[in-house]
Amino acid sequence: MTFTTRDAVPGDASALADLHVETWREAYAHLLPDGFFSADYVAARHRTWHHVLTNPRPSMTIRVAEADGAIIGFSWAGEPEPEPDATAPRDRQLFAIYVLAAHYGTGAGQALLTEAIGDEPAFLWVAKENPRAVAFYERNGFRFDGAEQAGAHGSAMTAARMVR
C-alpha cells in the first residue's frame, strides 16, 4: 500500500486524536489498566491535539502519513520539555511516532521519523515492553541511556529514554 506524508494542519486534530487513541490500544492495551481508554481519556486527546495544532511552537514538527485519504500515522518532534530531574540530553525530542498496525512494514514509520528528526541528535522515551518500537529506534541509531520511569501512565509500563 502506498502512502504520502505532509505537515499536520489544525483540521487534522480530531483524526489525529482518534488515531493516537487507536494506536495506543494496538500497542499498549495489554499493559494499561482496565478502563484506561475512557471517554475522558479520548476527550483529553482531542483537547491536546486541538491545542497543539492551533498553537504551534516554532521548533515543532508534526507530520502525518496518509493512505487512501485517511491518516494512518504521525510523528511529533520539537524542543524538549523540561526533564523531571535533569537537563535534556539533546536539543531535539521525538515526542511521539505512531502508525496503525495495519500499516506496519510499509515504510510509513521510517518516513515519519526521517521527516521529524532526520539523522540529527535527538532523544525519546519508549515503553521498554514494546520490542517492535525498541528495535525500530535501535535500527535508527538510538540507544538506551539508563534513564527510566517505572509505572508510566499508571500501568505496568516502564518508559526508558533512548538517545542518538
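Being a predicted model, the structure only gives us computed values, none of them experimental. (Residues numbered from 1 in each chain as written. Predicted model: local features only at pLDDT ≥ 70, side-chain atom pairs only at ≥ 80, totals over all residues. Heavy atoms only, no water.)

## Focus on the overall build of the protein
Part 1 of the argument: Scanning the protein for helices and strands turns up four helices and seven strands.
Part 2 of the argument: When the helices and strands of the protein are read in sequence order from the N terminus, they spell out β-α-α-β-β-β-α-β-α-β-β.
Part 3 of the argument: For a compact globule of 164 residues, the expected C-alpha radius of gyration is about 15 Å, and the protein comes in at 15 Å, within 12% of that figure.
Part 4 of the argument: By the burial criterion, 48% of the 164 residues in the protein qualify as buried.
Part 5 of the argument: The contacts of the protein with a sequence gap of at least 6 include a subset with a gap of at least 24, amounting to 61%.
Part 6 of the argument: Here the protein has roughly 8,300 Å² of accessible surface; of this, 52% comes from carbon and sulfur atoms.
Part 7 of the argument: Between the averaged position of the 14 positive side-chain charges in the protein and that of its 21 negative side-chain charges there is a distance of 3 Å. (Helix = DSSP H or I, 4+ residues; strand = E, 2+ residues; numbered from the N terminus. Rg over C-alpha atoms; globule rule 2.2 N^0.38 Å. Buried < 20%, exposed > 50% of the residue type's maximum accessible area, 1.4 Å probe, protein only. Contact = heavy atoms within 4.5 Å. Areas by Shrake-Rupley, 256 points an atom, 1.4 Å probe, with all protein chains shown as cover. Lys, Arg positive; Asp, Glu negative; His and termini not counted. Charge placed at Lys NZ, Arg CZ, Asp CG, Glu CD.)

## Here we look at the pairing of strand 5 (residues 123-127)
Part 1 of the argument: Among the five residues in strand 5, four count as buried, and that is most of the element.
Part 2 of the argument: Of the pairings in the sheet, the one linking strand 4 (residues 93-99) to strand 5 comprises two bridges and is parallel in character. Residue Leu 94 lies in a different strand from strand 5, and its bridge partner there is Leu 124.
Part 3 of the argument: In terms of handedness, the path from strand 4 via helix 3 (residues 108-117) over to strand 5 forms a crossover that is right-handed.
Part 4 of the argument: Here strand 5 runs beside strand 7 (residues 157-163); their pairing, made up of five bridges, is antiparallel. (Pairing = 2+ DSSP bridges. Right-handed = clockwise from strand over helix to strand, strands pointing away.)

## Here's the deal with helix 3
Part 1 of the argument: Taken across its 10 residues, helix 3 has seven buried, putting it largely inside the fold.
Part 2 of the argument: Listed in full, the buried residues belonging to helix 3 are Ala 108, Gly 109, Ala 111, Leu 112, Leu 113, Ala 116 and Ile 117.
Part 3 of the argument: Structurally, helix 3 contributes buried residues whose contacts are with strand 1 (4-7), strand 2 (61-67), strand 3 (70-78), strand 4 and helix 4 (131-139).
Part 4 of the argument: Where helix 3 terminates, the next one or two residues include Gly 118, which has phi positive at roughly 55°.

## Re the pattern of salt bridges
Part 1 of the argument: Scanning the entire structure with this criterion turns up seven salt bridges.
Part 2 of the argument: Residues Glu 115 and Arg 63 are paired through a salt bridge, measuring 2.6 Å at the closest nitrogen-oxygen approach. Here Arg 63 lies in strand 2 and Glu 115 lies in helix 3, a separation of 52 residues in the sequence.
Part 3 of the argument: With a relative accessible area of 30%, Glu 115 lands in the partly exposed category.
Part 4 of the argument: Through salt bridges with shared partners, a single ionic network connects Arg 6, Asp 12 and Glu 66. (Salt bridge = Lys/Arg side-chain N within 4 Å of Asp/Glu carboxyl O.)

## Remarks on the side chain of Arg 161
Part 1 of the argument: Mapped onto the secondary structure, Arg 161 falls in strand 7.
Part 2 of the argument: Overall, the relative accessible area of 12% leaves Arg 161 in the buried class.

## Brief notes about the side chain of Thr 61
Part 1 of the argument: By the element assignment, Thr 61 lies in strand 2.
Part 2 of the argument: Polar side-chain contacts of Thr 61 include one of 2.7 Å to the side chain of Arg 92. (Polar contact = N/O pair within 3.5 Å; in protein donor to acceptor, adjacent residues only side chain to side chain.)

## Brief notes about the nonpolar core
Part 1 of the argument: Ranked by size, the top nonpolar core spans 49 residues in total, and within it Leu 16, Trp 24, Tyr 28, Trp 49 and Tyr 137 carry the most contacts.
Part 2 of the argument: Top element by residues in this core is helix 1 (residues 13-28). It accounts for eight residues.
Part 3 of the argument: The residues touching Tyr 28, leaving out its near neighbours within four places in the chain, are Tyr 98, Ala 127, Asn 130 and Met 157. (Core = buried A, V, L, I, M, F, W, Y, C linked by side-chain atoms within 4.5 Å.)

## Some details on unusual backbone geometry
Part 1 of the argument: One non-glycine residue, Asp 68, adopts positive backbone phi at about 50°.
Part 2 of the argument: With respect to the helices and strands, the residue Asp 68 is situated in the loop between strand 2 and strand 3.

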